[in-house]
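Each chain is listed here by its residues.
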Amino acid sequence: MAEPETEPNASKSKRRPIVRLGIFLISHSFFFSLVLSTAAVLALLLLPVLAKNTYISENSLMPGSVAPVLSDEEVAEANRLIDDLTALNSKPVGSAIGSRRLVAQYMSNSGAEVSFHKFHPQLNQFHPLRFFSSPDSGRIEQNVSCALHGVNTVGIIRAPRGDGKEAIVLVTPLNSAKVSKNEALSLGIAYSVFSLLNRVPWLAKDVIWLVADSQFGEYAAVSAWLRDYHTPVFSGQGTINAEMCPESNNLHGIEENHFTERMTYDGFKRAGTMAAALVMKVGDRALQYEDSLSIYAEASNGQMPNLDLINTVNYLAVHRQGLRVKVDKLWSLLDMGWLETLGEMFEKLGHYARSVYPQLKFGIPAAEYIEGSATLASSLYYQALGIPTGSHGAFRDYQVDAITMEFSPKVYTLGNKRQNDFLLRSGRLIQGVVQCVNNLLEKFHQSFFLYVLTSPSKFVSVGVYMIAFALLVAPLPMVAASLFVNASNSDDSLSTEKPAHLATAADSAPSVTASESSPSVTASESSPLLSAADSGSLATRAGCITLSSWKWLFAAKKSFVVYLWGSVVSLLPYFICQIPNCSPTTSFIIWVLLSVLSLVVMYMILASPISDANDSRSQKEWAILKSVTLSAAFIGLCLMSIINFATAEIGGLLIVPMCLMAHPLKLDVKTRSLRTMLRTACNLVLGIVGFPPVTFIVLKGAFEGCGSVSVGDFWSWVEFLWVWNSATYLYIGVVHLPSWVLCIHILFHNC
């Protein structure tokens, strides 16, 4: 009768492998945290080495399969448009209307349907109820004058082989008040392609040419047109906002004349669903001895177009038109000595690896590593910033793949022959891209949407760069569990006598025998990185781990109050912006004072120590608070990685070491050993640098110089984020700032 009783007990005490693995990781949380953190930094530094060459995933694109047909005839027509636009600058009176009329005339002469789109500039101000929503397209702000308006010129070519359900959009900026040479060239490139597309027999998608009125900014003009394009309006254009702007009945000051019968003035002209969009610009003269093309792809909150679109443009530009393709870089990184040393080390490591195993493709030249690192840092920065790098970002908000193509001629003032060659090569590139998109039977979907670029022809996919982030945040839950278990069991071991109801709860709580876990190490002195909170030990009283402590509720309450305060801090700028004639420095000071005042008030009311005065404080109360802080930071970073991975990656590099290193300064000062003094210095440095304004000032001073840095710049930068509805703004206020406050609270904890 004894055996049947012992066998079930033996099977009941046997733990599953996943439980054993969890106990093992928690038991050695310090060691694994150190290994994973080092591996995360190493994986991040290896990203330029692990980048792959780009390739075309969608077979139907077929770039370069057909020779371009754009000829000198289209270039001559483009030159006439450029000359006419340039001549308008000598006629300042009515030049805005004249430039629009001129562009509309050329569109109509090419056989397109022409219409005008009037829009009013939207006020860029923070509003918490409209943070993630676009403003109403038909709403005009009360304090916006009806005289302030822009007019976009739109031309549509109906595809002879299409059914009108799909369209390709070409966008060129035009400041109607004064047309610059670069804008005239960009209009000439677009017109050469547009006039050709109306005569080709293979066109299966409608083509829309949007000449965006950029006097209020390119993005504002394109965004306003897209809002109205995707918003049905069941009235004529002349009746929109008639109550607030009666003069809008005469929208453009242009009367229909004999030069066209196809021009439309009333109604909003539409085509089909947008397959892709190309924003064309001409930049300043290139510094190198060849024509170049710069590609800008970042949209709002880290969104990127399908990689096939960039690959198609890059392939046609390099292999068909001989252009030098560039993507943006963080130029200050190119002069970093440590980066050059790291590149040389990886280059030697690659040579050694190939000598041992010739088939292993590892390692790149040091110069290529430096260039790739600067490009990768720029791509991560602009994705993390959450602000579009051009007017193409407005298309991505409607799930339309779009990029900005900025052409830079080497010299276009040497004569007409050089300008004709530049127009011909640029126009043929645009024609080739349009032809590739025209071949698509469905929207871009084959290639990647989540990636970072290390060069125009190399990228790092989501499956590779997520490894660095996973390794970075993995120590947080392990250390949190270790701190909580050890702090709870420490309280139980210090208790000499337990009430009956607590004893019953402890006996019924789940337990893990110490024999199943790894051998313990010294708790308070084993971890210079993770503090002396028994992070490496699970040894407990009576050989078991009890999870009956409810002290985490007080720590959770404090954390909840701090994170709630972070939401309040994020809303304060809305009220500060209402103060008239307030400089950025003054606004920043008011913001800081109101934030501190609200934190004190909320903490005294909702998380005052008086509320738990009856509870005996243990020496490990700070460890439970740190455990909750680590858990909250882990959840916040993981949620942010879904919204904007780049923000979570860069933010994790600041938050993770700050949270892991947090330890009461009072205990370190009492110990006075070299290790504790080093930890104290690290905590003070991380605590100062982790404060968001200080982080901004340090980074700006490192990359731009300390001479141009002021505290008001942080307010201007934050204002820039909320104006563009960047999720990074919410991350700073709701995730990063509360984590920093909790870490500071742990540092100065009265244990």
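Sequence order as written defines residue numbering, which begins from 1 separately in each chain. Restriction of local features to residues with pLDDT of at least 70 applies here, the model being predicted, together with a cutoff of 80 or more for giving and counting side-chain atom pairs; totals for whole chains, interfaces and linings are based on all residues. Note that the side-chain values use all heavy atoms of the structure and ignore hydrogens as well as water.

Undergrad: What is the right way to look at the pairing of strand E9 (residues 402-408) in this model?
TA: Look at any regular strand and the pattern is simple: side chains alternate between the two faces of the sheet. Along E9, seven of the seven residues are buried, which leaves the element largely enclosed by surrounding structure. By this definition, two strands are paired if DSSP reports at least two bridges between them. For helices the rule is a DSSP run of H or I covering at least 4 residues; for strands it is a run of E covering at least 2, with both sets numbered from the N terminus onward. Where strand E6 (residues 273-282) meets E9, six bridges bridge the pair, whose relative direction is parallel. Bridge pairing links Leu278 to Ile403 in E9. Taken together, the five bridges between strand E7 (residues 292-296) and E9 define a ladder with antiparallel strand orientation. Looking at E9, one finds that Tyr296 is bridged to Thr404. For each residue, the accessible area found with a 1.4 Å probe, counting protein chains only, is set against the maximum for its type, and the residue is called buried under 20%, exposed over 50%, and partly exposed in between.

Undergrad: In this structure, what is going on with the packing of helix H3 (residues 29-45) against helix H14 (residues 462-473)? I would like to understand it.
TA: To describe two helices that pack against each other, one gives the angle between their axes and the distance between the axes. Where H3 contacts H14, the two axes come as close as 8 Å, and the packing angle between them is 160°. In terms of their interaxial angle, H3 and H14 are classed as roughly antiparallel. Handedness of the H3/H14 crossing: left-handed. Contacts between H3 and H14 involve Leu36, Ser37, Ala39, Ala40, Ala43 and Leu44 on the former and, on the latter, Ala468, Leu471 and Leu472. Working convention: axes come from line fits to C-alpha atoms, limited for helices to the stretch in contact. Angles between N-to-C directions cover 0 to 180 degrees. By definition in this entry, angles of less than 35 degrees are roughly parallel, angles greater than 145 are roughly antiparallel, angles of 65 to 115 are roughly perpendicular, and the rest are oblique. Here a crossing is called left-handed whenever its near helix is offset anticlockwise from the far helix by less than a right angle, and right-handed whenever the offset is clockwise. Note on contacts: a residue pair is in contact if any heavy atoms of the two residues lie within 4.5 Å.

Undergrad: Honestly, the sheet that holds strand E2 (residues 113-119) in this entry has me stumped. Any pointers?
TA: By definition, the strands of a sheet pair up through backbone hydrogen bonds, in either a parallel or an antiparallel sense. Pairing is mixed across the open sheet formed by eight strands, whose spatial order is E2-E3-E5-E4-E6-E9-E7-E8. Of all strands in the sheet, those bounded by a partner on one side alone are E2 and strand E8 (324-326). With strand direction ignored, the average angle separating the axes of adjacent strands in the sheet is 25°. Contacting E2, strand E3 (150-157), strand E4 (166-174), strand E5 (206-213) and E6, helix H8 (residues 218-229) crosses the sheet at an angle of about 135° to E5.

Undergrad: Even after reading the chapter, I still don't get the layout of surface pockets, so can you show me in this structure?
TA: Any empty space left between atoms is shown by rolling a water-sized probe over those atoms. We place a 1 Å grid over just the protein atoms. Points where a 1.4 Å probe fits but has no way out form a cavity, open points with protein on both sides within 12 Å along at least 5 of 7 lines form a pocket, and any residue with an atom within 4 Å of a point lines it. Grid points are joined across faces, edges and corners, and a volume is the space filled by probe spheres set on the points. Here the largest pocket is characterised by a volume of approximately 1700 Å³. Surrounding the largest pocket, 46 residues form its lining, Leu330, Tyr381, Ile650, Leu699 and Phe703 being those nearest its centre. Elements with a contribution of two residues or more to the lining of the largest pocket: H3, helix H10 (337-356), helix H11 (366-385), helix H20 (645-661), helix H23 (692-704), helix H24 (711-723) and helix H25 (727-747). For the lining of the largest pocket, the leading source of residues is H11, giving 10 residues. Amino acids outside the nonpolar list (Ala, Val, Leu, Ile, Met, Phe, Trp, Tyr, Cys, Pro) and the charged list (Asp, Glu, Lys, Arg) are all regarded as polar, and Gly is one of them. Its residues placed into classes, the lining of the largest pocket shows 32 nonpolar, eight polar and six charged.

Undergrad: Just to check I follow, could you spell out helix H2 (residues 17-27) for this structure?
TA: Side chains of residues three or four places apart in an α-helix project in the same direction, reflecting 3.6 residues per turn. Every buried residue of H2 is listed here: Ile23, Ile26 and Ser27. Projection of H2 onto a plane perpendicular to its axis shows the buried side chains occupying an angular sector of 100°, all on one side. For H2, the exposed residues set more than 90 degrees away from the buried face come down to Pro17 and Ile18. Throughout, the arc means that of the directions going from the helix axis to the C-beta atoms.

Undergrad: Sorry, what's going on with helix H18 (residues 584-606) here?
TA: For H18, which comprises 23 residues, the first-to-last C-alpha distance of 32 Å matches the rise-based estimate of 33 Å (1.5 Å per residue) to within 8%. Taken residue by residue, H18 has Ser587, Phe588, Trp591, Ser595, Ser598 and Met602 as its buried positions. Each element contacted by the buried residues of H18 is listed here: helix H17 (552-576), H23 and H24. To estimate how far a helix should reach, multiply one less than its number of residues by 1.5 Å.

Undergrad: Teacher, can you tell me more about unusual backbone geometry here?
TA: Phi is mostly negative for residues that are not glycine, and the peptide bonds are mostly trans. Backbone geometry at Asn301 places phi at a positive 55°, although glycine is not the residue there. For Asn301, the location among the structural elements is in the loop between E7 and helix H9 (307-319). If you check the backbone angles, Gln399 has positive phi at about 60° while not being a glycine. Secondary-structure assignment places Gln399 in the loop between helix H12 (393-396) and E9. For Gln399, a relative accessible area of 42% corresponds to the partly exposed category.

Undergrad: How do you make sense of empty space enclosed by the protein when you look at a structure like this?
TA: Per the counting criterion, the structure on display carries seven cavities of 30 Å³ or more. What lines the largest cavity is simply Ile295, Tyr296, Ala297, Glu298, Val327, Asp328, Thr375, Ser378, Ser379, Tyr382, Thr389 and Leu453. Mapped onto the lining of the largest cavity, the elements with two or more residues apiece are E7 and H11. Looking at side-chain class alone, the lining of the largest cavity contains six nonpolar, four polar and two charged residues.

The values reported here are purely geometric and, on their own, carry no functional implication.
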